[in-house]
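# Fold and contact review
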Amino acid sequence: MISVNICSPTPDLVAPWDDLVRRASSNVFMNPVVLVAVNESGFANVRVLLAWNDCAGFKKLVGVWAFQVRKISPMWPAVLEALPYNYAFLSNPVVDPAFVREVMQAFLSAIRDSRSLPKVISLKSLDAEVENFETLIEVLTEQGCACLRMSDSTRPFATPEAGVKRSGSTRKKLRQDWNRLSAAGSVDIVNLRAPDTREALEAFETFLELEAAGWKGARGTALLCRPADAAFARQMVTALTERGDASVALLRVDRRAIAAQVLMYCGATAYTWKTAFDPGYAKYSPGMLLIDRITDDLLTSAEIGAINSCSYEGSFMAQLWAGHRRMADLLVNVGRDRSLAFSLEAARQRGYERLRRLRDQVRSWSASVSPKARK
């Protein structure tokens, strides 16, 4: 019933994709128009697994799973990474709920049987609360695949039932910040989700400038600090906006943007991809104010039923939203034999996590020490 082909992303996948996401769980980072932009820009080496149901006399797309082939050095074994490019924040495949088990079995078998794909798969930022996650775990066990659960976490997630927190110290501070900001000038929020490339690009350029002027620019991690990253991001946002699948919300004072939130859309889910604000207005918490207002606007609309923060459990969105999703990172070997590549990748990821925790501890310690004490 289910056949899988492995290919590069092409524009002709858009129509079958649109049909699939009406039925399947959401993952905007697997959208074919984005994957095409990735390959065209050379931003990553993306391969796409397409699952088709052949039993109805015609092919119907029932699953999409995109990967990048990652090789950190010429001497290091290649790995399949299910975050298909940098700045993707969800690894789950998009699968028709009527065929979840069959599709997951076919996906893993296709990778195992492929002569061109690595057998070690890094699955970071998996939503552990969608059906295809539990089925993936079951199929991995059934097929005897080695599987390490590298970490578990939660991600801020908003729904109509668990949206913004309506009480508490954060809510009180946001009301005060909004009132103080309103006293500084005429405040408004614009978020036009329409296939108008010109306006979208202007708003996105505003976001890029705000990001570069803030702490990410100071650390060298803003998109504009890396020309290739900025070029890809512009191409991706343009491709999504042309379909009405992206927008940039702006918080303005006297028509001057002081905060920007890049939003992406897939099915009934919105994704708060990236945010930036003018550091000159930091005392008003403009990024939080914008997310707070946009959350209510999105969840009261007819099109959106959930908002994925694309963020970590300690982010400011956890202070704003009452909901969260369980997330997991897995490392899998679908090969038939024990794999040196699997052991090396497990050691590399564990070492990286230790270094990241040490970095965070140093930053936390540094922030807790007063300038006077550091002298």
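These numbers come from a predicted model, not from an experiment.

### So, the nonpolar core
Counting residues in hydrophobic clusters, the biggest one holds 85 residues, and the most contacted among them are Phe29, Trp65, Tyr85, Phe204 and Trp273. If you look at the next biggest cluster of nonpolar residues, it comprises 27 residues, including Trp178, Val253, Leu299 and Ile307.

### A closer look at the pairing of strand E10 (residues 256-266)
Summarising burial for E10: 10 of the 11 residues are buried, a large majority. In this antiparallel pair of consecutive strands, strand E9 (residues 246-253) and E10, the connection spans two residues, and Asp254 shows a positive phi of 50°. Note: E10 against strand E11 (residues 269-277), eight bridges, orientation antiparallel. Considered in E11, the bridge of Ala260 is made with Ala276. Joining the antiparallel neighbours E10 and E11 is a turn of two residues, in which Gly267 adopts a positive phi near 60°.

### A short note on the environment of Pro227
Counting through the fold element by element, Pro227 comes out in helix H8 (residues 227-241). Placed 29 residues apart in sequence, Pro227 and Arg256 show a C-alpha to C-alpha distance of 26 Å.

### Considering the side chain of Gln349
Mapped onto the fold, Gln349 is located in helix H11 (residues 340-368). Under the relative-accessibility criterion, Gln349 is labelled buried at 6%. A distance of 3.0 Å separates the side chain of Gln349 from the side chain of Ser122, its partner in a polar contact. Excluding anything up to four places from it in sequence, Gln349 contacts Ser122, Lys124, Met150 and Leu331.

### What to know about a nonpolar patch on the surface
A grouping of Leu355, Leu358 and Val362 is seen on the molecular surface, where their side chains present a nonpolar patch of about 300 Å² in accessible area. Among the residues examined, Leu355 registers a relative accessible area of 59% and is labelled exposed.

Criteria and thresholds
Residues numbered from 1 in each chain as written. Predicted model: local features only at pLDDT ≥ 70, side-chain atom pairs only at ≥ 80, totals over all residues. Heavy atoms only, no water. Core = buried A, V, L, I, M, F, W, Y, C linked by side-chain atoms within 4.5 Å. Buried < 20%, exposed > 50% of the residue type's maximum accessible area, 1.4 Å probe, protein only. Helix = DSSP H or I, 4+ residues; strand = E, 2+ residues; numbered from the N terminus. Pairing = 2+ DSSP bridges. Polar contact = N/O pair within 3.5 Å; in protein donor to acceptor, adjacent residues only side chain to side chain. Contact = heavy atoms within 4.5 Å. Patch = residues over 30% accessible without salt bridge, like charges linked within 9 Å, V, L, I, M, F, W, Y side chains within 5 Å. Areas by Shrake-Rupley, 256 points an atom, 1.4 Å probe, with all protein chains shown as cover. Salt bridge = Lys/Arg side-chain N within 4 Å of Asp/Glu carboxyl O.

Any functional reading would require information that these geometric values do not contain.
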